[in-house]
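Architecture and fold: a report
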Amino acid sequence: MRLGTRLSLARLSTAVLVVGLWSATPLAAQSVTPDGDPGLGRLLAEIERLAPSSGGTVGVGAVHIETGRAVWFNEDERFPMASTYKVPIAVQLLSRVDRGEISLADMVELEPADIHPGSGTISSLFDDPGVALSLRNLLELMLLISDNSATDLTLTAAGGPDAVNARMGELGVEGLSVNRPTSSLIGDYSGVETPADGRISMAEFRNRAADVTADEREAAREAFSTDARDTSTPRAMAHLLAMTWAGKALGSKNTEVFKDVMLRVQTGTGRIKGVLPPGTPVGHKTGTIGGTTNDVGYIYLPDGPGT
C-alpha cells in the first residue's frame, strides 16, 4: 500500500479527488480501515502529514478490494470532478449499449455547435461540416485524450445528465452527480453564458468570452469553487470504479471495453503513472480545471497480489 501514498498525493493543488483502486471484486461494505491495522495507520498518517503541503484540500480513497484494506481521507467531501466525470458518462453510455438501445457502431454527424472549447483534437481537426464519427470513436476520444467535444456528444448519446445520474442511483453510487456538458461547465468557470443544452460554436464561445471582464471572470471562478454540480466524493468514485471493474455495472463485453480504454489513456503521465515504476499498468482518467487536479483509476499490482 505504500505506493498509494505517492500516487494519491502527486501534483496536488487547490482541490483534489484521487482514487487508487487495486480490485477484482465489488467494494466491500465493511472495509478494513486503519483501526487495528498498523500498516494502514502509517499510510494514513503519511497522507495526513503531506496533505497540507498541497496548498488546498485533499481527498483520497485507496482500496485493495480482495482484502478489503482501505485508506480514506476526506472521503465524503465533494470535489469538482473536472474531466473525471467522463467515467460515469462512459458507464452510462455502455449501459445503453448493453441494453441494445444504441450501438458503438452508430455514427454521429458533427455540426459547428458540437465543436467546443477545451482539450482534444476534434476542435482543431474536424471543424468543417460533413464529419461523422462512431460512438466508439467518441468514447475513445473522450477518455483517451479527454476531448471535450467528444464528451458532449457522448453525454447526449448516453441520454444526458439525468440518465447518467439515474444509472448511478441504480448502482448505489451516492455522492456523485453529472449535471452539465463540458461547454457549460467551462462556461460557468469562465463567466461565459452558454445555452442550456451546451450547444455553442467555438466562434460564439470566443465572442462571448471576449466580453467577460476580469472581475466577472474572478467572480465566476469563486462561484464555481463552491458549486455542488459535477462533483463527487472519493468514496462514490471508488464505489463506481469497483462496481465497473467487477462487472457489476456493465455486461462482460463492455466491462472489457471500459478497462481496455482506461488502460490506453494518454493524459496524466505525471500523475498516477508518473510516480509508479516505469511500465506499471494503470487504467485511469485524469481531470483538471482551475486549481483542481484529479486522477482516478486502477493499478495492476505486480506478482499477483491484486489488480
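Since this is a predicted model, take the numbers as computed values, not measurements.

What counts, and where the lines are drawn
Residues numbered from 1 in each chain as written. Predicted model: local features only at pLDDT ≥ 70, side-chain atom pairs only at ≥ 80, totals over all residues. Heavy atoms only, no water. Salt bridge = Lys/Arg side-chain N within 4 Å of Asp/Glu carboxyl O. Buried < 20%, exposed > 50% of the residue type's maximum accessible area, 1.4 Å probe, protein only. Helix = DSSP H or I, 4+ residues; strand = E, 2+ residues; numbered from the N terminus. Phe/Tyr/Trp six-rings, centres within 6.5 Å; stacked < 30°, edge-to-face > 60°. Lys NZ or Arg CZ within 6 Å of the ring centre and 35° of its normal. Patch = residues over 30% accessible without salt bridge, like charges linked within 9 Å, V, L, I, M, F, W, Y side chains within 5 Å. Areas by Shrake-Rupley, 256 points an atom, 1.4 Å probe, with all protein chains shown as cover. Lys, Arg positive; Asp, Glu negative; His and termini not counted. Charge placed at Lys NZ, Arg CZ, Asp CG, Glu CD. Polar contact = N/O pair within 3.5 Å; in protein donor to acceptor, adjacent residues only side chain to side chain. Axes fitted to C-alpha atoms, helices over the stretch in contact; angles between N-to-C directions. Parallel < 35°, antiparallel > 145°, perpendicular 65-115°, else oblique. Contact = heavy atoms within 4.5 Å. Nonpolar A, V, L, I, M, F, W, Y, C, P; charged D, E, K, R; others polar.

**Some remarks on the pattern of salt bridges**
- The tally for this structure, following the rule as stated, stands at 19 salt bridges.
- A salt bridge links E101 to R99; the shortest N-O distance between them is 3.0 Å.
- With relative accessibility at 43%, the residue E101 sits in the partly exposed group.
- Salt-bridge contacts for R180 lead to D227; the nearest nitrogen and oxygen are separated by 3.6 Å. On the criterion of sequence distance, the pair formed by R180 in the loop between helix 7 (161-170) and helix 8 (182-190) and D227 in the loop between helix 10 (214-225) and strand 7 (231-232) is long-range, its members being 47 residues apart.

**Focus: the packing of aromatic side chains**
- Counted according to the given criterion, the structure contains three aromatic pairs.
- Ring geometry for W245 against Y298: centres 4.9 Å apart, planes inclined by 45°, an arrangement best described as tilted. A residue pair is termed long-range when its members are at least 10 positions apart, and W245 in helix 11 (residues 234-245) and Y298 in strand 9 (residues 292-299) qualify at 53 residues.
- In this structure Y298 comes out as buried when scored by relative accessible area, which is 2%.
- Joined through ring pairs, the aromatic side chains of W245, Y298 and Y300 make up one cluster.
- Looking at R235, its charged tip hangs above the ring of W72, at a distance of 4.9 Å from the centre.
- Directly above the ring of W245 sits K259, whose terminal nitrogen or CZ lies 3.7 Å from the centroid.

**Section: a negative patch on the surface**
- A cluster of acidic side chains, namely D211, D215, E216, E218 and E222, defines a negative patch on the protein surface.
- Among the residues examined, D215 registers a relative accessible area of 66% and is labelled exposed.

**Regarding the side chain of R271**
- Relative to the elements of secondary structure, R271 occurs in the loop between helix 12 (252-263) and strand 8 (282-289).
- At 5.6 Å, D295 is the nearest oppositely charged side chain to R271, a buried residue that forms no salt bridge.
- There is a polar contact of 2.5 Å between the side chain of R271 and the side chain of T288.
- A polar contact is formed between the side chain of R271 and the backbone oxygen of N294, at a distance of 2.8 Å.

**Structural notes on the packing of helix 6 (residues 148-157) against helix 8**
- Between helix 6 and helix 8, whose axes approach to 8 Å, the crossing angle comes to 125°. In this view, helix 6 runs oblique relative to helix 8, as classed from their interaxial angle. Between helix 6 and helix 8, the residues in contact are N148, T151 and D152 and T182, S183 and I186, respectively.
- Class assignment of the residues belonging to the contact of helix 6 with helix 8 gives a composition of one nonpolar, four polar and one charged.

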